[in-house]
Amino acid sequence: MVDLAILSQALPAIGTAAVVTVALTLAASLISLVVGALSAAVQLGGGPIGYALSRTYVSLMRGTPLFVQLLVVYYGLPPIGIRGQAFLAAALAIGLNSGAYTTEILRAAILAVPRGQLEAATTIGLTWGKIWRRIVLPQAFVTSLPMLTAEFTIVLKSTPLASVIAVTEMTYTGVLIQSRTYSASEVFLTIAVGYILIAQVLMRLSRSLERRTRRLRF
Amino acid sequence: MFKRIAKYALASLSVALVIGICQPAKADALADIKAKGKIVVGIDPTFSPFEFTDSAGKVIGYDPELMELAAKGLGLKVEYQVMAFSGIIPGLIAGAFDVTPTINVTAERAKKIDYVIPTALSVNAVLTLKETSVKSSGIADLSGKKCAVKQTTQPEQMMKALNDKLKAAGKPVVDLLGFETIEQTIAALADKRVDCVVDDKSVLFEAIDKRKDLPLALAGEIGDAQPIAWAANKSTPALTAALSAELKKLKVDGTVTALQKKYFGYTMALPETDFIPK
């Protein structure tokens with residue numbers, strides 16, 4: 001039942017859209033990592049105000065739908081001038097949304113570093129900065145890698161929602177082609193394979209990073 | 001306590017931002033648009049034959065072609081902003097684009113957006129095989145028959161409402177079989193698992209055209225027609241009026257009728273006043 005003629009005609013458009021999907025995933029994941037790291041650091045070491053700020057950010061982002069966040073970032077903030085830059089708005093919205101989860105992943109990983117190590121480090125006279133740089137963060141990074149990878153595959157799969165603010169990524173391109181050709185199975189199976197391939201690359205990168213950093217594990 | 005207050009403050013700030021979405025666009029939109037020389041059209045081109053894309057990704061269809069002609073009449077070019085439908089109404093209200101085609105006219109929506117005069121009527125119809133026991137598309141003739149509908153669609157809801165009336169009158173209801181796609185309803189009709197298919201008339205016309213191998217026939221229309229129109233932001237009445245005027249010209253010179261024949265295979269008389277349901 002697979003119509004190869006339709007597929008070969010649709011492939012260039014799906015390919016172009018795949019580039020958008022990959023770029024959006026990378027940009028949003030990067031924002032998520034940076035914001036999540038900052039938010040986790042502020043929450044654990046930023047005093048009561050830092051703690052309150054980070055917790056509020058996390059509960060706001062986790063408590064509202066990504067759909068609403070997309071609209072707010074794209075339409076709701078004209079002074080910042082996001083309007084008209086759909087890709088940037090989408091990367092920011094998805095990245096900020098995911099950043100809340102990244103905060104929690106990193107926070108858990110940091111707290112998982114055994115207290116005894118910190119006490120030992122203090123005993124031998126290491127400064128606070130050195131303890132974080134040399135002992136806590138390297139181990140927390142390794143611990144959090146599998147969960148961060150999972151989070152970024154979720155980011156990959158939330159990119160289709162960006163189509164509501166006019167980012168034509170892979171899934172919406174599929175919808176466009178499908179509504180013209182009436183061949184849903186060909187188009188969406190191809191797109192599913194596309195997502196699997198992108199996710200595979202992401203997961204393999206993460207696995208190899210895990211292997212390289214194994215010696216850092218506690 | 002402070003934390004809690006801060007939390008509520010931030011929560012209400014975010015609510016304010018969402019409401020901020022609803023701020024009106026610029027004051028004299030028509031002059032602005034004319035200065036820019038282009039009208040920005042938000043569109044979800046996944047609704048053939050009203051609006052769809054060709055294999056090069058270009059937006060085409062009944063409404064885009066009409067829109068481009070109306071824009072030309074105003075000396076403007078059309079720029080499309082392609083997006084999923086759930087983003088269309090929020091985007092229009094936020095002023096992200098000037099106009100969007102192919103919106104069902106409802107009283108509820110008319111409170112938030114302005115409508116240009118309708119470009120089409122959405123009406124349901126009954127499809128049967130050429131040799132059929134269904135005498136007409138009247139609900140009395142459908143009573144007791146089996147009908148295929150797409151699940152959770154407006155035609156299904158309309159048929160359920162008609163069934164309630166049949167029940168109240170003590171007559172046998174129409175036996176409704178729900179399917180996922182139009183192809184499945186047509187297959188059920190071809191296999192004589194059902195006596196008829198109820199769906200939007202333009203959809204059924206397209207099905208007749210695509211399945212010339214089957215002896216399909218349109219029994220007629222059923223239920224009330226619902227107007228479909230272009231919608232614009234409430235803050236741009238001059239633009240809405242200008243587009244209505246252009247559409248009227250295109251109706252007078254026969255362009256609208258010609259495009260209806262081209263895209264739907266049939267023509268429809270369109271209302272120009274009092275088309276918003278109460």
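First, a word on scope: everything that follows refers to the structure included in this document. Everything numeric here is computed off the predicted structure, so don't read it as measured data. (Residues numbered from 1 in each chain as written. Chains lettered and ligands numbered in written order. Predicted model: local features only at pLDDT ≥ 70, side-chain atom pairs only at ≥ 80, totals over all residues. Heavy atoms only, no water.)

A few words now on unusual backbone geometry. The amide bond that connects Ser48(B) to the next residue, Pro49(B), takes the cis arrangement and shows omega of 0 degrees. Phi is positive for Ala166(A), close to 70 degrees, though the residue is something other than glycine. As for its placement among the helices and strands, Ala166(A) is situated in the loop between helix H6 (128–158) and helix H7 (170–181). In the Ramachandran plot, Thr102(B) falls in the positive-phi region, its phi being about 55 degrees despite a non-glycine side chain. Following the sequence through the fold, Thr102(B) ends up in strand S5 (residues 99–104). (Helix = DSSP H or I, 4+ residues; strand = E, 2+ residues; numbered from the N terminus.)

Right, let's talk about helix H2 (residues 29–36) of chain B for a bit. All names here are of chain B. Of all the positions in H2, only Ala 29, Leu 30 and Ile 33 are classed as buried. Along H2, the residues classed as buried sweep out an arc of 95 degrees about the axis, all on the same side. Of the surrounding secondary structure, the elements contacted by the buried residues of H2 are strand S1 (38–43) and helix H10 (237–252). Count one or two residues on from H2 and you reach Gly 37, which has phi positive near 80 degrees. (Buried < 20%, exposed > 50% of the residue type's maximum accessible area, 1.4 Å probe, protein only. Arc of directions from axis to C-beta. Contact = heavy atoms within 4.5 Å.)

The biggest cluster of nonpolar side chains holds 80 residues, and the ones touching the most others in it are Ile165(A), Ile39(B), Tyr62(B), Tyr115(B), Trp230(B) and Leu243(B). At eight residues, helix H4 (residues 86–111) of chain A tops the list of elements feeding residues into this core. Every residue in contact with Tyr115(B), bar those within four places of it in the chain, is listed here: Ile103(B), Asn104(B), Val105(B), Thr106(B), Arg109(B), Ala110(B), Ala229(B), Trp230(B), Ala231(B), Thr240(B), Phe275(B) and Ile276(B). (Core = buried A, V, L, I, M, F, W, Y, C linked by side-chain atoms within 4.5 Å.)

Moving on, we get to the layout of surface pockets. All names here are of chain B. Estimated volume of the largest pocket: approximately 1500 Å³. Taken together, 46 residues make up the lining of the largest pocket; nearest its centre are Thr 46, Phe 47, Ser 48, Lys 150 and Val 203. The element best represented in the lining of the largest pocket is helix H9 (residues 201–210), accounting for five residues. A class-by-class count of the residues in the lining of the largest pocket yields 15 nonpolar, 18 polar and 13 charged. Shared between two domains, the lining of the largest pocket holds at least three residues of each, these being domain 1 (25–121 + 226–263) and domain 2 (123–225). (1 Å grid on protein atoms, 1.4 Å probe; cavity = no way out; pocket = protein on both sides within 12 Å on 5 of 7 lines; lining within 4 Å. Points joined across faces, edges and corners; volume = space filled by probe spheres on them. Nonpolar A, V, L, I, M, F, W, Y, C, P; charged D, E, K, R; others polar. Domains from an automatic or database assignment.)

All names here are of chain B. Counted under the stated rule, the structure contains eight aromatic pairs over all chains. Note on Phe 50 and Phe 264: the rings are 4.9 Å apart at their centroids and 55 degrees apart in plane angle, and the pair reads as tilted. Taken as a pair, Phe 50 in the loop between S1 and strand S2 (52–53) and Phe 264 in the segment after helix H11 (255–263) lie far apart in primary sequence, 214 residues in all. In this structure Phe 50 comes out as buried when scored by relative accessible area, which is 2%. Seen from their ring centres, Phe 205 and Tyr 266 are 4.7 Å apart, and the 35 degrees between their planes marks the pair as tilted. Of this pair, Phe 205 sits in helix H9 while Tyr 266 is found in the segment after H11, placing the two residues 61 residues apart along the sequence. (Phe/Tyr/Trp six-rings, centres within 6.5 Å; stacked < 30°, edge-to-face > 60°.)

Without other data, these values stay purely geometric and don't point to any function.
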